[in-house]
Amino acid sequence: MSRVPYHELKARERLAAIVDPGSFAEILPPPARVMSPYLPKLGIPVAFDDGLAIGRATIDGKPIYLAAQTGQFVGGSVGEVHSAKLVGLLKAAARDRLPCVLLIESGGVRLHEGSSGEIGIAEAIRAVFACRAAGAPVIAVIGSDIGAYGGMGILSACCDFRVMTEHGRLGISGPIVIEKWMGKAAYDSADRALVWKTSGGKTRYLLGDANALVNDDTAAVRAGIARLLGPASPVTLAAIEARQAELAARLEQFAAVTSPEAIWQARGVTDPAAATLDDAETFVASLAPAAP
Amino acid sequence: METFQHSFPSRPLAWPADRSWALAGVVGSGNLEVLIEPNPAAPDAVAYDLQTSIPGYADSWKAALADFAAHYAVGGTRITLHDQGAAPVVITMRLRQALDLLTPAQP
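Residues numbered from 1 in each chain as written. Chains lettered and ligands numbered in written order. Predicted model: local features only at pLDDT ≥ 70, side-chain atom pairs only at ≥ 80, totals over all residues. Heavy atoms only, no water.

Draft legend 1. Spotlight on the packing of aromatic side chains. Residues and elements named next belong to chain A. Applying the stated criterion to the full structure yields three aromatic pairs over all chains. Seen from their ring centres, Trp264 and Phe283 are 5.4 Å apart, and the 65° between their planes marks the pair as edge-to-face. In this pair, Trp264 is assigned in helix H10 (residues 260-266) and Phe283 in helix H12 (residues 280-286), connecting sequence segments 19 residues apart. What makes Phe283 buried here is its relative accessible area of 0%. Directly above the aromatic system of Tyr6 lies the positively charged group of Arg14, at a separation of 4.7 Å from the ring centroid. Positioned over the ring face of Trp264 is Lys197, at 5.3 Å from the centre of the ring. (Phe/Tyr/Trp six-rings, centres within 6.5 Å; stacked < 30°, edge-to-face > 60°. Helix = DSSP H or I, 4+ residues; strand = E, 2+ residues; numbered from the N terminus. Buried < 20%, exposed > 50% of the residue type's maximum accessible area, 1.4 Å probe, protein only. Lys NZ or Arg CZ within 6 Å of the ring centre and 35° of its normal.)

Put into structure tokens, the structure is as follows:
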């Protein structure tokens, strides 16, 4: 079967490509016209779905809820309607104790909409934890260049699992924001190799932030999701403390490191320059003995 | 922001729509989204509803949309457009894409 690059697809094409053929049933599809009440007042055209497609489908016959963001529409940003759809979907997943898969492509909160976007992200994060408490796993898929930043970066980190491709990026402040605060000498946002080596899929996998690193291919993304559709990752005090200890150890290990290559080497990449060119499968396999 | 609603005469759809809607494109810079829905109440006309972030091109829009209605059989549909500065060729392409998606039996 020929390779279908995940990062080139639009939201609904991604949804259709990763679920059982024809199984996606959209909730509030475009003709429902549930759109932002704020954007027209700012001279910005609205989208029929406010940048988020949500619905139900099956993967290998198992029912799931899922959502996909459109990064091209106002940066995939989370406005009031966008977040309300996301929260509703997560609540349905918690109620039905079904997995929820989020195809993320967003710079975070839609600042144009003021507090409603901020509150919306907070409600969505709360709903993610409601799913986890109910034992319904929430899986974030980050496989496009826009990645997951700001509030959606935080939300991604709150999910049970993250599936990434090497196109995907995950962080809180975006590269341009970091450069603005720290200076170009500290972080050059125009240096794509640096940006991807600090926040890209391969680095996130090496650090243990991504649970799966898969090729930029819809079949590989689907397989990566399918592997994680089992039990949720429990939110317990012991699990949180273990994660805190992991992060403290990471901070200590890398506090004095000034190049991402050194982090790659410390995490089992013998030749970072060569590994940069590897596809995800080869990259993961080359780490096999010391995989995080 | 400028809006525009207008109906133009058009031949009825040559092939029956096999779904209740089709969407082409996304709202992004230099792009637009086009939603086409069957509107059996008016089989000999296409009803456009446009919203664009670029004001001042009402005449160009009117010409482009009238042209599409004249060249393609889109009677009995309602077409809603959300535009963010698409070039005329992109607009025609998205309209054609939406029509193709609505009536896949079309050869």
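Having seen the model, we can carry on.
Draft legend 2. Geometry of the sheet that holds strand E2 (residues 22-24) of chain B. All names here are of chain B. Strand order in the open sheet formed by five strands is E1-E4-E5-E3-E2, with mixed pairing between adjacent strands. Among the strands making up the open sheet, the edge pair consists of strand E1 (2-9) and E2. On average, each strand axis in the sheet is inclined to that of its neighbour by 15°, with strand direction left out of account. Pairing geometry for E2 and strand E3 (residues 31-38), over three bridges, is antiparallel. Within E3, the residue paired with Ala22 across the bridge is Ile36. Against the sheet, helix H1 (residues 58-71) contacts E1, E3, strand E4 (45-52) and strand E5 (77-84), and its axis sits at roughly 30° relative to E1. (Pairing = 2+ DSSP bridges. Axes fitted to C-alpha atoms, helices over the stretch in contact; angles between N-to-C directions. Contact = heavy atoms within 4.5 Å.)

Draft legend 3. Structural view of the pattern of salt bridges. Residue and element names in this part refer to chain A. Summed over the entire model, instances satisfying the criterion amount to 22 salt bridges over all chains. Of the charged contacts, one joins Lys202 and Glu166 as a salt bridge, the two residues approaching to 3.3 Å between their closest N and O atoms. With a gap of 36 residues between them, Lys202 in helix H7 (residues 201-206) and Glu166 in the loop between strand E6 (161-164) and helix H5 (175-182) connect regions that are remote in the sequence. Here Lys202 falls in the buried class, since its relative accessible area comes to 4%. A residue is classified by how much of its surface remains accessible, and Glu166, at 32% relative accessible area, is partly exposed. (Salt bridge = Lys/Arg side-chain N within 4 Å of Asp/Glu carboxyl O.)

Draft legend 4. The arrangement of the interface of chain A and chain B in detail. In this complex, chain A contributes 18 residues to the contact, which on the side of chain B involves 18 residues. Both sides together, the interface formed by chain A and chain B hides about 1,500 Å², and carbon and sulfur atoms give 66% of it. A per-residue breakdown of the area chain A buries against chain B is headed by Arg33, Pro45 and Phe48 of chain A, which together make up 37% of the total. Across the contact surface, chain A and chain B share one salt bridge. Salt-bridge contacts for Glu37 of chain B lead to Arg33 of chain A; the nearest nitrogen and oxygen are separated by 2.8 Å. (Buried area = accessible area lost by both parts, 1.4 Å probe.)

Draft legend 5. Representation of the packing of helix H2 (residues 80-96) of chain A against helix H3 (residues 115-133) of chain A. All names here are of chain A. Two elements in contact, H2 and H3, have axes separated by 9 Å at closest approach and are oriented at 10°. Considering their axes alone, H2 and H3 lie roughly parallel with respect to each other. The residues of H3 that touch H2, namely those facing Glu80, Ser83, Leu86, Val87, Leu90, Ala93 and Ala94, are Ser116, Gly120, Ile121, Glu123, Ala124, Ala127, Val128, Ala130 and Cys131. Looking at side-chain class alone, the contact of H2 with H3 contains 11 nonpolar, three polar and two charged residues. (Parallel < 35°, antiparallel > 145°, perpendicular 65-115°, else oblique. Nonpolar A, V, L, I, M, F, W, Y, C, P; charged D, E, K, R; others polar.)

Draft legend 6. Representation of the side chain of Asp216 of chain A within the structure. Residue and element names in this part refer to chain A. Along the chain, the position of Asp216 falls in the loop between strand E7 (212-213) and helix H8 (218-227). Reaching out from Asp216, the side chain makes a polar contact with the side chain of His7 at a distance of 2.6 Å. At a separation of 3.5 Å, a polar atom in the side chain of Asp216 contacts the side chain of His167. When near neighbours in sequence (up to four residues on either side) are disregarded, Asp216 contacts Arg3, Val4, Pro5, Tyr6, His7, Gly143, Thr165 and His167. (Polar contact = N/O pair within 3.5 Å; in protein donor to acceptor, adjacent residues only side chain to side chain.)

Draft legend 7. Up close: empty space enclosed by the protein. Residue and element names in this part refer to chain A. Summed over the entire model, instances satisfying the criterion amount to one cavity of 30 Å³ or more. Space inside the largest cavity adds up to approximately 40 Å³. Residue lining of the largest cavity: Leu52, Ala67, Gln69, His82, Leu86, Leu102, Leu103, Ile104 and Met152, and that is the complete set. Mapped onto the lining of the largest cavity, the elements with two or more residues apiece are strand E3 (62-69), H2 and strand E4 (100-104). Per-element accounting of the lining of the largest cavity gives the leading share, three residues, to E4. Class assignment of the residues belonging to the lining of the largest cavity gives a composition of seven nonpolar, two polar and no charged. (1 Å grid on protein atoms, 1.4 Å probe; cavity = no way out; pocket = protein on both sides within 12 Å on 5 of 7 lines; lining within 4 Å. Points joined across faces, edges and corners; volume = space filled by probe spheres on them.)

Draft legend 8. Region of the structure containing the environment of Gly56 of chain B. Residues and elements named next belong to chain B. Tracing the backbone through its elements, the reader meets Gly56 in the loop between E4 and H1. Take Gly56: its relative accessible area is 61%, and that puts it in the exposed class. Put simply, Gly56 and Asn39 are 17 residues apart on the chain and 29 Å apart in space, counted from C-alpha to C-alpha.

Draft legend 9. Examining the pairing of E3 of chain B more closely. All names here are of chain B. Most of E3 sits inside the fold, with seven of its eight residues counted as buried. Relative to E5, E3 is paired through eight bridges, and the arrangement is antiparallel. Paired with Val34 across the bridge in E5 is Leu81.

Draft legend 10. A look at the nonpolar core. Residue and element names in this part refer to chain A. Leu86, Leu90, Leu102, Ile104, Leu155 and Phe283 are the most contacted members of the largest nonpolar core, which totals 44 residues. With seven residues, H2 is the single largest residue contributor to this core. Each residue touching Ile104, except ones within four places of it in the same chain, is listed here: Gln69, Ala140, Val141, Ile142, Ser144, Gly147, Ala148, Met152, Leu155 and Ser156. (Core = buried A, V, L, I, M, F, W, Y, C linked by side-chain atoms within 4.5 Å.)

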